[in-house]
Each structure stands twice: as C-alpha cells, then as structure tokens.
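# A look at the structure
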Amino acid sequence: MTAETMEHRIDVRMTPKDVINIGIFAALYIVTVGVFNLLEFINPVMTLVSSAISIVAAGVPFMLFLCKVRHGGMVTVFAVLVTGFMLLIGSPPVTLLVGVVAALAAEAVLFVGQYRSRKLSVVAYAVFSTWFAGLMMPMLYARADFLSSPYMKEMGPEYVSELDSLLSPAVLIGFDVSTLVFGLLGGLLGLRLLDKHFRKAGLV
C-alpha cells in the first residue's frame, strides 16, 4: 500500500454523500432494531431474545451500509446516531460509550481489510454489535438504580422483579459474549442477501 493510499484510508473527512448515507442507513438500522425490540414487552425472557433477533436482522442494513464505507469515521458517526437515539428513548448513558468503543474497534477491523474485505466486514459487524451489551450493563454495577429507572417503572413491578431474577451476573456476561456470535450470524445473513451489492461495490 502506497503512502498516498494509506493517507486516503485514514482520512476521516466526510463528504455530503457520506453524511447522507450514514443518516439513511442509521435510520434503517434503528427501525430494524426497534421493530424486533418491541418483543421485550412480552416478558423479561424476550428482552434477551429480542436483542438476539435484532442483532441478526440488523445485519442486513448494516452490511449494506458497509458497501458505502470507504474511509474511517463513518461507522463511528453511525454508532453515535444509533446509540444517541437509544439514549433518547431511555437506554442508559453507558450505551453511548460502549457504542463508540465498539465502532472504533469495528473501524480498525475494516481498516485492516482496506475497506474491501467481505470476511472482515462480517467480523466488523460482529464487533460493532457488542454495543448491545451497554443496554443492560448497569445491571452489573448499578443494579438498583437501573431497575428503578423511569423506563423500568413503565414496565411494571412484576416485570421488573422477574427481570431482576433472570439477569444474574452470569447471564449478563453470557449475553455480552453472545452479541459477537449473533453479530457474526447477522453479518453472514447480510452478506448472503446482499452479495450482488458487495460485488458491485468492489468488496472481495
């Protein structure tokens, strides 16, 4: 890789087209996640199930977004928009931090593949998907505050009690690790469904 190419790859300046693509695909991603996350209102067990389904399903719009990514910074801005919206609807603030860290790690994976590797695009989505761990992370260090938050109060005392019993530290850690697995599945699903788009975008 030449010095000129390297400079191009690490350039984080956004063009108007980049900004539009980020906004469009972030919106598609949010809608996809939101639709399946509605399942969490059924019962506490579905809180975990809905997150798993959301990660897999959202692999489709995210992988399509990666067809448009050609330099650093785009995935991070995407993450800020997604997790920022999650904060607005009641998610804990740590979600934004975890989302940015996950996005930066995903950016590093894409950089290694020079933004052209199909396999590393799948890995990047798996890494990005770990932001879901932030949604329930306070249960590990501020459990009482999380369970008494306005969002949890809206779910009702019975729901909160069942959630408290279900989400032991071991279950939470297992869920955090599983986000990588479901991310890989979502990335593979997106790659399979969008194979023609990847080839047109020059990803090999």
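Because the structure is predicted, anything quoted here is derived from the model rather than measured. Residue positions are given per chain, counted from 1 along the sequence in the order it is written. Local features in this predicted model are restricted to residues of pLDDT 70 or higher, and side-chain atom pairs are both shown and tallied only at a pLDDT of 80 or more, whereas totals for entire chains, interfaces and linings draw on every residue. Think of the side-chain values as coming from all heavy atoms in the structure, minus any hydrogens and water.

## Notes on the packing of helix 3 (residues 45-57) against helix 4 (residues 59-66)
Running from N to C, helix 3 and helix 4 point in directions that differ by 30°, and their axes come no closer than 5 Å. The orientation of helix 3 relative to helix 4 falls into the category roughly parallel. Taking contact as the criterion, the partners of Ile55, Val56 and Ala57 in helix 3 are, on helix 4, Gly59, Val60 and Pro61. Amino acids are sorted into nonpolar (Ala, Val, Leu, Ile, Met, Phe, Trp, Tyr, Cys and Pro), charged (Asp, Glu, Lys and Arg) and polar (every other residue, Gly among them). Here the contact of helix 3 with helix 4 is composed, by residue class, of five nonpolar, one polar and no charged. For every element, the axis is a line fit to its C-alpha atoms; helices are fit only across the contacting stretch, and the angle between N-to-C directions ranges from 0 to 180 degrees. Each helix is a run of H or I in the DSSP string that is no shorter than four residues. Each strand is a run of E no shorter than two, and both are numbered from the N terminus. Any angle from 65 to 115 degrees is called roughly perpendicular, while one under 35 is roughly parallel, one over 145 is roughly antiparallel, and all others are oblique. Here, two residues are considered to be in contact whenever any of their heavy atoms come within 4.5 Å of each other.

## Structural notes on the environment of Lys200
For Lys200, the position within the fold is in helix 13 (residues 195-200). Under the scheme applied here, a residue whose accessible area is under 20% of the maximum for its type counts as buried, over 50% as exposed, and between as partly exposed, the area being computed with a 1.4 Å probe on protein chains only. For Lys200, a relative accessible area of 74% corresponds to the exposed category.

## Considering the nonpolar core
Nine residue types can take part in a nonpolar core, namely buried Ala, Val, Leu, Ile, Met, Phe, Trp, Tyr and Cys, and a core is a set of them joined through side-chain atoms within 4.5 Å. Membership of the largest hydrophobic core comes to 50 residues, with the highest contact counts inside it found for Tyr29, Phe62, Phe65, Val75, Phe78, Phe128 and Trp131. Setting aside residues up to four positions removed in sequence, Phe78 forms contacts with Ile22, Phe25, Ala26, Tyr29, Phe62, Phe65 and Phe128.

## A few points about the packing of aromatic side chains
By convention, a stacked pair of Phe, Tyr or Trp rings (six-membered ring in the case of Trp) has centres within 6.5 Å and planes under 30 degrees apart, an edge-to-face pair has planes over 60 apart, and any other such pair is tilted. For the coordinates displayed, the defined rule picks out 11 aromatic pairs. Seen in terms of ring centroids, Phe62 and Phe65 are 6.0 Å apart; in terms of plane orientation they differ by 65°. Their pairing is edge-to-face. On the criterion of helical spacing, the pair formed by Phe62 and Phe65 is a turn pair, its members being three residues apart in helix 4. For Phe62, a relative accessible area of 1% translates into the label buried. Given a relative accessible area of 0%, Phe65 falls into the buried group. Between the aromatic rings of Trp131 and Phe132, the centroid separation amounts to 4.2 Å while the plane-to-plane angle is 40°, which identifies the pairing as tilted. Like Trp131, the residue Phe132 is buried in the burial classification. Among the aromatic residues, ring-to-ring pairing joins Phe25, Tyr29, Phe62, Phe65, Phe78, Tyr125 and Phe128 into one connected group.

## A short note on the environment of Leu180
Among the secondary structure elements, Leu180 is positioned in helix 12 (residues 169-193). In this structure, the C-alpha to C-alpha distance between Leu180 and Val127, residues 53 residues apart in sequence, is 6.2 Å. If near-sequence neighbours (up to four positions away) are discounted, Leu180 is found in contact with Ala126, Val127 and Thr130.

## Quick word on the UniProt feature "transmembrane region" (unreviewed entry) in the chain
Within this structure's numbering, the places UniProt gives as "transmembrane region" (unreviewed entry) are residues 20-39, 45-66, 73-90, 96-115, 122-142 and 166-191. Taken as a whole, residues 20-39 contains 90% helix and 0% strand, while its terminal C-alpha atoms sit 30 Å from one another. UniProt positions are given in the numbering used here, feature names are shortened, and annotations may be inferred rather than shown by experiment.

## Some remarks on the packing of helix 2 (residues 16-37) against helix 4
For the pair helix 2 and helix 4, interaxial distance at closest approach is 8 Å and the crossing angle is 170°. It follows that helix 2 is roughly antiparallel to helix 4 by the angle criterion. Both helix 2 and helix 4 take part in a crossing whose hand is left-handed. In this structure, helix 2 uses Asn21, Ile22, Phe25, Leu28, Tyr29 and Thr32 to contact helix 4, whose residues at the interface are Pro61, Phe62, Leu64 and Phe65. Class assignment of the residues belonging to the contact of helix 2 with helix 4 gives a composition of eight nonpolar, two polar and no charged. Whether a crossing is left-handed or right-handed is set by the direction in which the near helix is turned from the far one by less than a right angle, anticlockwise for left-handed and clockwise for right-handed.

## Here's the deal with unusual backbone geometry
Although it is not a glycine, Gln114 sits at a positive phi angle of roughly 55°. By the element assignment, Gln114 lies in the loop between helix 6 (94-112) and helix 7 (118-128). At Tyr115, a residue that is not glycine, the phi angle is positive and equals roughly 60°. Among the structural elements, Tyr115 can be located in the loop between helix 6 and helix 7.

## As for the pattern of salt bridges
Here a salt bridge means any side-chain nitrogen of Lys or Arg lying within 4 Å of a carboxyl oxygen belonging to Asp or Glu. Scanning the entire structure with this criterion turns up two salt bridges. The partner of Arg118 in a salt bridge is Asp195, and the shortest N-O contact between them spans 2.4 Å. You can see Arg118 sitting in helix 7 and its partner Asp195 sitting in helix 13, a full 77 residues away along the chain. Between Arg143 and Asp164 there is a salt bridge whose closest N-O contact spans 2.7 Å. Here Arg143 is found in helix 9 (residues 143-147), whereas its partner Asp164 is found in helix 11 (residues 157-166), with 21 residues between them in sequence.

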